[in-house]
Amino acid sequence: MEKQFAGLIPPNSKNVLEFIGEDLNVDEHSKIKEKFLLINPNCNYTISNKSDVKIKNADVVILSSSSFATLSKKNLISFINKSAKHLKDDGLMIFLLENMSYAENIAALLAGRKPPFNSNLTLEELQDAVNNSDLQIKKSVHTVRDIKVNPALEEFAKVPLNVTHFIICAVKKSAASKFENTLIQSYLGEVLVCAAVRVNDPNRFIATNPSVVLSSKKSGTGLSLSDDPQYSKKIFINQRVSVDSVEQGINFFNSIAGKNYLFIEEIDDNPIVWREKYEETQFINFIAVHGVQTSTKSLGEFFKQFNPNVRVFENQLTELPPQRKFKDEIARNEPTIIFFGALNRDHDFYEILPAINKIAAEYGNNILFKVIAKTELFNTIETQNKIALGRREVYNSQYVPFNVYMKELHTSHISLLPLRNNIFNRSKSDLKFIECAGNGSVVLASPTVYENTIKDGETGFIYRDVSDFYQKLKMLIDNQTKRIEVAQKAYDYVKHNRLLSQHYQERWDWYNELLKKLPELNSQTQKRIEILKEKGISYFGGFGEVNEKIDVFDN
């Protein structure tokens, strides 16, 4: 639940102030703070049990139930107004109200036990107090615990018995007009791997703005567009859903633009891997939209052939993993763990396989391989000291849930990031390095993609050929001190440069920039469509003379 609370705080907040009850120990009530600092470790987050704390211009003020739930109506309104004076003009106030009608609370009272919640304030009473203060409510949500509740009992009680907390987000009335109701609607073509980092997580961060509402559907499940007049701004994000014909692409744009949406195409892989599909549809996915967002500079340059409104948003971590306790790991004297885990990268691994097997023979039980890859590749590693992490029935062992992937990374010492030099790989992002660095796993990577980010020998290691790979892997196994030094520098790089909290605002600003000139963008898009009809795709460009074999999905 604390994670959900933390997820409502704007991630780029510089100053957060949380009030708790006067009789509570500040050091013992930092669970929300602890979760939020994983999202934004550079935030100045203060917890106080005194209403006269000397902090002004806070981005967010949080009022926990313990600070207000026993106040009278008159005193509650006064306390809210006093607390709001700590907010900057367009700051956010978040109220966390315990539900005194929560099923376990009622059960404890009936059994004569001390209830988990001591609040005597209802949601309606809190809402009335906020509405009668200097604030305006912009969003209300609640947290639910998965417990079985008798429907008849809930109907009788007239309250949600499985709700633990009610959460209200409010802003100053003087600033309320700045918060325009906005709908961000996503249509997702790839939900297993890409959707989270490219669409869902950035949108979730944007939606900490209390006026933003999210809607998301997987492609093929049916699509409905909103006519709700409450939304003064609407954004439609099409993620990797390709159309079947030029006509379908044009109709798709007309239907979305006709509902006054900003239409954004999201794609983070080089479409050459689906060359026949995109050439057949004349790249209409990128022409008949208002803008294209992608993950790398090389992809950005490619898409500018078809659309001038292209923006590159690099991939980032949503949370900073806890820092590794390397001293404890050294004391355990365990084998050096070498990690390889990636979807559709088996072909990139085979070039270094002879060096891998040579290392495996030389180090024996002193090393352990953890691998997420096809079973066929896993079987080619010639050692018994190996663990396959994927399940055969999911992408032929190439996939594990993201939390499992991150957990395994956090226990590994060295991560292998091979990428062959081809047009598809050159368009990929450096996310694998960021994930490894955030988990304290030192990378040994190909120059393709990674030499643009990694400082060789400082934040990771780049190998130039198989011999170089072998020598550097051997050094990393042998030199624990160097490994830890590099891991720390890479971790600091992520902490200060590659967290989503530091970058999501750029995306939100771009959307708003485009929304301001939506009529102009509609005209520009219609003009591109007319040019395509008259002059064909040769006017715009395409893949050009690319003859290399792209075998990303081959077995």
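This report concerns the structure included in the present document. Note that the coordinates shown come from a computational prediction; the quantities given were computed from them, not determined experimentally.

## Description of the sheet that holds strand β2 (residues 44-48)
Piece 1. Taken together, six strands build an open sheet; the order of strands is β2-β1-β3-β4-β6-β5 and the sheet is mixed. Every other strand in the sheet has two partners, leaving β2 and β5 (135-144) as the edge strands with one partner each. Each adjacent strand pair in this sheet contributes to an overall mean axis angle of 15 degrees, direction not counted.
Piece 2. Both strand β1 (residues 15-19) and strand β3 (residues 58-64) contribute to a ladder of four bridges, which runs parallel. If you follow E18 over to β3, its bridge partner there is I62.
Piece 3. On top of the sheet, helix α2 (residues 31-39) reaches β1, β2 and β4 (87-98); it is set at about 175 degrees to β2, its chief contact.
Piece 4. Across the sheet, helix α4 (residues 73-84) lies against β1, β3, β4, β5 and β6 (163-172), angled at about 140 degrees from β4, the strand it touches most.

## What about the packing of helix α8 (residues 194-206) against helix α21 (residues 504-516)?
A pair of packed helices is captured by two measures, namely the crossing angle of their axes and the spacing between those axes.
Piece 1. Between α8 and α21, the shortest axis-to-axis distance is 9 Å and the interhelical angle comes to 85 degrees. The angle between α8 and α21 places the two elements in the roughly perpendicular class. Along its contact with α8, which presents R198, P202, F205 and I206, the element α21 presents Y504, R507, W508 and Y511.
Piece 2. The residue makeup of the contact of α8 with α21, split by class, is six nonpolar, no polar and two charged.

## Looking at the side chain of T459
Piece 1. Among the structural elements, T459 can be located in the loop between β17 (442-445) and β18 (461-462).
Piece 2. A polar side-chain atom of T459 sits 2.9 Å from the main-chain amide nitrogen of K455.
Piece 3. Each residue touching T459, except ones within four places of it in the same chain, is listed here: F433, I454, V486, K489 and A490.

## Points about the nonpolar core
Piece 1. Core analysis: the biggest nonpolar cluster contains 44 residues, and I9, Y45, I94, I235, L262 and Y511 have the highest contact counts within it.
Piece 2. The dominant element in this core, judged by the number of residues it contributes, is α21, at six residues.
Piece 3. Those residues in contact with Y45 that sit more than four places away from it in its chain are I9, V16, E18, I32, K33, F36, L37 and I62.
Piece 4. Ranked by size, the runner-up nonpolar core spans 37 residues in total, among them V241, I250, I287 and F303.

## Observations regarding the pairing of strand β7 (residues 182-188)
Each regular strand carries side chains that alternate between the two faces of the sheet.
Piece 1. The buried fraction of β7 amounts to seven of the seven residues, a majority that puts the element mostly inside the structure.
Piece 2. Burial along β7 is two-sided: the face carrying T182, I184, S186 and L188 and the face carrying L183, Q185 and Y187 are both buried.
Piece 3. As paired strands, β7 and strand β8 (residues 212-218) are joined by seven bridges and run parallel to one another. By the bridge assignment for β8, Y187 is matched with K217.
Piece 4. Where the polypeptide runs from β7 across α8 and back to β8, its parallel neighbour, the crossover connection is right-handed.
Piece 5. Both β7 and strand β9 (residues 233-239) contribute to a ladder of seven bridges, which runs parallel. What sits directly across from Q185, in β9, is F236.

What counts, and where the lines are drawn
- Residues numbered from 1 in each chain as written.
- Predicted model: local features only at pLDDT ≥ 70, side-chain atom pairs only at ≥ 80, totals over all residues.
- Heavy atoms only, no water.
- Pairing = 2+ DSSP bridges.
- Helix = DSSP H or I, 4+ residues; strand = E, 2+ residues; numbered from the N terminus.
- Axes fitted to C-alpha atoms, helices over the stretch in contact; angles between N-to-C directions.
- Contact = heavy atoms within 4.5 Å.
- Parallel < 35°, antiparallel > 145°, perpendicular 65-115°, else oblique.
- Nonpolar A, V, L, I, M, F, W, Y, C, P; charged D, E, K, R; others polar.
- Polar contact = N/O pair within 3.5 Å; in protein donor to acceptor, adjacent residues only side chain to side chain.
- Core = buried A, V, L, I, M, F, W, Y, C linked by side-chain atoms within 4.5 Å.
- Buried < 20%, exposed > 50% of the residue type's maximum accessible area, 1.4 Å probe, protein only.
- Right-handed = clockwise from strand over helix to strand, strands pointing away.

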